[in-house]
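In case you want the letters, here they are:
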Amino acid sequence: MAFSAVNVKFSHNEETGFAEKRRQFWLDVEEHLPDIQNALSEALITSAEEGTANYIPYTLAWMPGQGRETVELLSWAAKHHPYWWVRRFSVYFVVEFGQNQELANQLLQNRTHDPEYRVRKEVLDLRIKRFTG
């Protein structure tokens, strides 16, 4: 969780030079990517069980090598994680970048009833974007 918190905090601040450090990190640990992905996936599932807020989906989504399994996990998190940010980001990523129309359509349909306004608003915005192009 700490790694994901650092990643999300510094990724959008160009003045930190973090983007280049992150790229180099992923190159340096390339042979360990499956283990890192597995650890982050397990941590995300555990955080759902424990009700822990985190930014793990952000790191999972943008790390090199993510694929079908990541999209399926984020789809699951969008439906089951108690923390609204995890659900909102997971919906966004699966719909916009997941390349799985079946999962995207399911989320756009069933997350309209999410208990959190910010998740429902994200779903509405994504549905409108699909409609208007």
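Scroll up to find the structure this text is about.
Structural notes, computed from the coordinates. Every value quoted in this text rests on a predicted model; they were computed, and no experiment measured them. (Residues numbered from 1 in each chain as written. Predicted model: local features only at pLDDT ≥ 70, side-chain atom pairs only at ≥ 80, totals over all residues. Heavy atoms only, no water.)

Topic: the packing of aromatic side chains
Aromatic ring pairs are reported here in terms of the distance separating the ring centres and the angle at which the planes meet. Rule in force here: Only Phe, Tyr and Trp rings are paired, with Trp represented by its six-membered ring, and only when their centres lie within 6.5 Å; those with planes under 30 degrees apart are stacked, over 60 edge-to-face, the remainder tilted. Using a 1.4 Å probe on the protein chains alone, a residue whose accessible area is under 20% of its type maximum counts as buried, one over 50% counts as exposed, and one in between counts as partly exposed. Secondary structure elements follow DSSP: runs of H or I no shorter than four residues count as helices, runs of E no shorter than two count as strands, and numbering proceeds from the N terminus.
Under the counting rule described, the total for this entry stands at 14 aromatic pairs. Centre to centre, the rings of Phe25 and Trp26 are 5.1 Å apart; their planes meet at 65 degrees, and the pair counts as edge-to-face. For Phe25, a relative accessible area of 33% puts it in the partly exposed group. The class for Trp26 is buried, based on a relative accessible area of 8%. Taking 6.3 Å as the distance between ring centres and 20 degrees as the angle between the ring planes, the aromatic pair formed by Phe89 and Phe93 counts as stacked. On the criterion of helical spacing, the pair formed by Phe89 and Phe93 is a turn pair, its members being 4 residues apart in helix 6 (residues 84-97). Exposure remark for Phe89: the relative accessible area of 10% places this residue in the buried category.

Digging into the nonpolar core
Stated formally: Throughout, nonpolar core names a set of buried Ala, Val, Leu, Ile, Met, Phe, Trp, Tyr and Cys residues whose side chains join them through atoms within 4.5 Å. Residue contacts are counted whenever heavy atoms from the two residues lie within 4.5 Å of one another.
Judged by nonpolar contacts, the single largest core of 32 residues is most densely connected at Leu44, Leu60, Trp85 and Val91. Only helix 3 (33-50), helix 4 (56-62), helix 5 (68-80), helix 6, helix 7 (101-110) and helix 8 (117-132) provide two or more residues apiece to this core. It is helix 6 that contributes the most residues to this core, 8 residues altogether. Setting aside residues up to four positions removed in sequence, Trp85 forms contacts with Asn54, Tyr55, Pro57 and Tyr58.

Considerations on unusual backbone geometry
Despite not being glycine, Gln99 shows a phi value in the positive range, around 55 degrees. Its location among the elements puts Gln99 in the loop between helix 6 and helix 7.

Things to note about the side chain of Thr70
Stated formally: Polar contact is the term for a pair of N or O atoms within 3.5 Å; when the atoms are in protein, one must be able to donate a hydrogen and the other to accept it, and sequence-neighboring residues count only if both atoms are side-chain atoms.
Examined against the element boundaries, Thr70 turns out to sit in helix 5. Of note is the side chain of Thr70, whose polar atom sits 2.5 Å from the side chain of Gln37. Not counting residues within four places of it along the chain, the set of residues in contact with Thr70 comprises Gln37 and Leu60.

As for the pattern of salt bridges
Our working rule: For this analysis, a salt bridge means a side-chain nitrogen from Lys or Arg found within 4 Å of a carboxyl oxygen belonging to Asp or Glu.
Applying the stated rule across the entire model yields 8 salt bridges. One salt bridge in this structure joins Arg87 and Asp114, with 2.7 Å as the shortest N-O distance. Here the residue Arg87 occupies a position in helix 6, and Asp114 occupies one in the loop between helix 7 and helix 8, the gap between them amounting to 27 residues. By the burial criterion, Arg87 is buried, and Asp114 matches it. As a salt-bridge pair, Lys129 and Glu96 come within 2.7 Å of each other at their nearest N and O atoms. Here Glu96 lies in helix 6 and Lys129 lies in helix 8, a separation of 33 residues in the sequence. Among the ionic contacts, a cluster of salt bridges with common partners joins Arg68, Glu69 and Glu72.

Things to note about the packing of helix 5 against helix 6
A pair of packed helices can be characterised by two numbers: the angle between their axes and the separation between those axes. We count it as follows: Only C-alpha atoms enter the line fits that serve as axes; for helices the fit covers just the stretch in contact. Angles between N-to-C directions range over 0 to 180 degrees. By the definition adopted for this analysis, an angle is roughly parallel if under 35 degrees, roughly antiparallel if over 145, roughly perpendicular if from 65 to 115, and oblique otherwise. If you view the pair so one helix is near and one far, a crossing is left-handed when the near helix is turned anticlockwise from the far one by less than a right angle, and right-handed when it is turned clockwise. Residue classes follow a fixed rule: Ala, Val, Leu, Ile, Met, Phe, Trp, Tyr, Cys and Pro count as nonpolar, while Asp, Glu, Lys and Arg count as charged, and any other residue, Gly among them, counts as polar.
The interhelical angle for the contact between helix 5 and helix 6, taken along N-to-C directions, is 140 degrees, at an axis separation of 8 Å. Overall, the two elements helix 5 and helix 6 adopt an arrangement that is oblique. In the crossing of helix 5 with helix 6, the sense of the turn from one axis to the other is left-handed. From helix 5, Val71, Leu74, Ser75, Ala77 and Ala78 reach across to helix 6, where they touch Val86, Arg87, Ser90, Val91, Phe93 and Val94. Across the contact of helix 5 with helix 6, the residue classes break down as 8 nonpolar, 2 polar and 1 charged.

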